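Here's the letter readout for the chains.
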Amino acid sequence: VGEVGEVGKVGEVVDGTAAGDAFRAALAVAVAEGVDVVKDSRGLALAAAAGAHAVSVPGAVPSLPTRDDAENLLPEHRRLPAPALAATEACETEAALRDDECPLRFGSRLNSMKERPDLWRGRERLDVLGMVRRLSEVEGIDLVDFNYPQHLDGRKPKTVTGALRAAGLAAGAVAVRFPASRFRAGAFTNPDPSVRAAAVDVVAGACAWAQSLDASAGVIVWPQFDGYDYHLQVNYSDAWRRGVGAIRAALDRDECEGVKVSYEFKPTDPSSRFALVPSTAAALALVRDVNRPGRFGLTLDAGHLVAAGENPAQSAAMVADAGALFGFHLGDVHSKLAAEDGLAFGSVHAPGALELVFWLRASKYRGHAYFDTFPEAEDPTREAAYNVRAFKRMWSWAARLERDGIRDVLLNHDAMTSLEMQEGLIA
């Protein structure tokens with residue numbers, strides 16, 4: 001047998017569970033791809049890298065690596081060649097790249113369905129299940145995101161799943177909303193360890209619901225109270241360490257095994273004028289420090305990014321490149337200080353919305369597209385349907401830009417050619 005050689009460093013060894021399973025599975029993949037593992041040591045190198053990755057992640061199922069996870073620990077010359085696609089699969093992949101049709105599923109803010117009840121033709125009360133029924137009338141909407149505990153506390157999973165089935169919808173995510181009564185001084189970063197433990201319990205409860213509802217996007221955490229209002233109010237280093245520790249503790253709960261959990265940062269809010277995670281760069285640093293790859297990532301919100309003075313498309317590209325883009329909340333804003341207008345998608349910053357869709361498409365994003373908008377004076381069902389159409393239209397335009405060679409234009413930083421290409425989209 002050839003010499004395997006050394007694989008890349010994985011950091012701290014935290015749990016040996018499933019390392020042997022990962023090793024054997026990767027070796028079986030190499031054999032299935034026709035590798036002579038006696039003569040070609042690259043098969044054993046892949047297996048060793050898979051086992052090395054597994055010991056760096058706690059738990060059994062969460063520690064099992066993808067092929068990319070294992071190969072990223074190997075130098076280029078030690079990697080197996082990518083398996084050839086079957087002819088039909090290759091044709092389907094090529095067609096998908098050419099196709100203008102958007103493959104994403106769509107969700108919209110459930111609470112918006114209680115607005116303008118005078119326009120609601122249904123007979124149900126617009127409680128949580130009534131809002132699900134109203135949302136089901138929106139053409140193009142597939143998914144429902146529930147707030148936890150507000151939408152789900154006191155209900156039975158069987159009742160909620162039955163309502164979803166009757167409405168022809170599925171669960172998208174369970175979104176954590178920490179109750180102010182307990183967490184006004186902070187959740188993950190609260191100085192009181194008992195409050196931090198309670199925050200962990202809330203996330204664990206959300207994970208249990210995500211499992212019960214088979215929520216495709218798992219759990220999304222918006223820590224609206226983890227911040228401060230005054231200078232010399234908090235110790236930033238201590239608060240960061242407390243936050244990292246509490247998030248790790250939540251992810252390591254049994255209820256959260258196998259559930260993706262993402263962090264939705266917002267730079268400022270009436271609940272905390274300065275967030276302790278105020279930017280995309282800080283959010284990526286949090287993902288790095290929590291160190292639960294594949295299980296903890298980010299859900300970005302277009303309105304929050306604009307409020308942070310950031311370009312949503314650039315943030316999407318950065319986070320996708322880091323393998324941490326778990327979700328995206330869509331809408332538009334007028335960019336007034338600390339304002340989150342929640343306007344219809346692409347209604348204010350149309351070029352920015354198109355660029356965001358372009359980069360979501362380019363990064364092969366396959367999470368759901370969730371419209372976090374606030375149609376308080378408009379018909380919420382018409383507004384949600386408009387958002388779906390606007391996104392799909394921009395997806396088609398992004399595909400056209402791709403075909404017309406926009407990538408070469410981007411490489412050359414050619415603003416005028418890009419503007420002329422965009423001009424041609426609506427000609």
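Read on for a plain summary of the structure. Quick caveat, the model's predicted, so the values are computed rather than measured.

## So, the state of the cysteines
As enumerated under the stated definition, the model contains one disulfide in all. Covalently, Cys 207 is tied to Cys 256 through a disulfide, its sulfur atoms 2.1 Å apart. Looking down the S-S bond of the Cys 207 and Cys 256 bridge, the torsion is 95°, so its handedness is right-handed. Here the residue Cys 207 occupies a position in helix 8 (residues 193-213), and Cys 256 occupies one in the loop between helix 9 (236-251) and strand 6 (261-263), the gap between them amounting to 49 residues. The pair Cys 207 / Cys 256 is uniform in exposure class, with both members buried.

## Observations concerning the packing of helix 8 against helix 9
Put simply, helix 8 and helix 9 touch, their axes get as near as 9 Å, and they point 40° apart. Between helix 8 and helix 9, the angle is such that the two are oblique. Like other packed secondary-structure pairs, helix 8 and helix 9 cross with a definite hand, here right-handed. Residues Arg 196, Val 200 and Val 203 of helix 8 pack against Arg 242, Ala 246, Ala 249 and Ala 250 of helix 9. Among the residues forming the contact of helix 8 with helix 9, the class breakdown is five nonpolar, no polar and two charged.

## Describing unusual backbone geometry
Glycine aside, a negative phi is what most residues show, and trans is what most peptide bonds show. Following Tyr 148, the chain continues into Pro 149 via a peptide bond in cis, with omega recorded as 10°. Structurally, Pro 149 can be placed in the loop between strand 2 (143-148) and helix 6 (157-167). Look at Asn 291: it is not a glycine, yet its phi comes out positive at around 60°. Along the polypeptide, Asn 291 turns up in the loop between helix 10 (280-290) and strand 8 (296-301). Of note in the backbone geometry, Lys 364 takes a positive phi value of approximately 60° without being a glycine. Relative to the elements of secondary structure, Lys 364 occurs in the loop between helix 13 (350-362) and strand 10 (369-371). Note on Lys 364: relative accessible area 53%, which makes it exposed.

Parameters and conventions
Residues numbered from 1 in each chain as written. Predicted model: local features only at pLDDT ≥ 70, side-chain atom pairs only at ≥ 80, totals over all residues. Heavy atoms only, no water. Disulfide = S-S within 2.5 Å. Helix = DSSP H or I, 4+ residues; strand = E, 2+ residues; numbered from the N terminus. Buried < 20%, exposed > 50% of the residue type's maximum accessible area, 1.4 Å probe, protein only. Axes fitted to C-alpha atoms, helices over the stretch in contact; angles between N-to-C directions. Parallel < 35°, antiparallel > 145°, perpendicular 65-115°, else oblique. Left-handed = near helix turned anticlockwise from the far one by under 90°. Contact = heavy atoms within 4.5 Å. Nonpolar A, V, L, I, M, F, W, Y, C, P; charged D, E, K, R; others polar.

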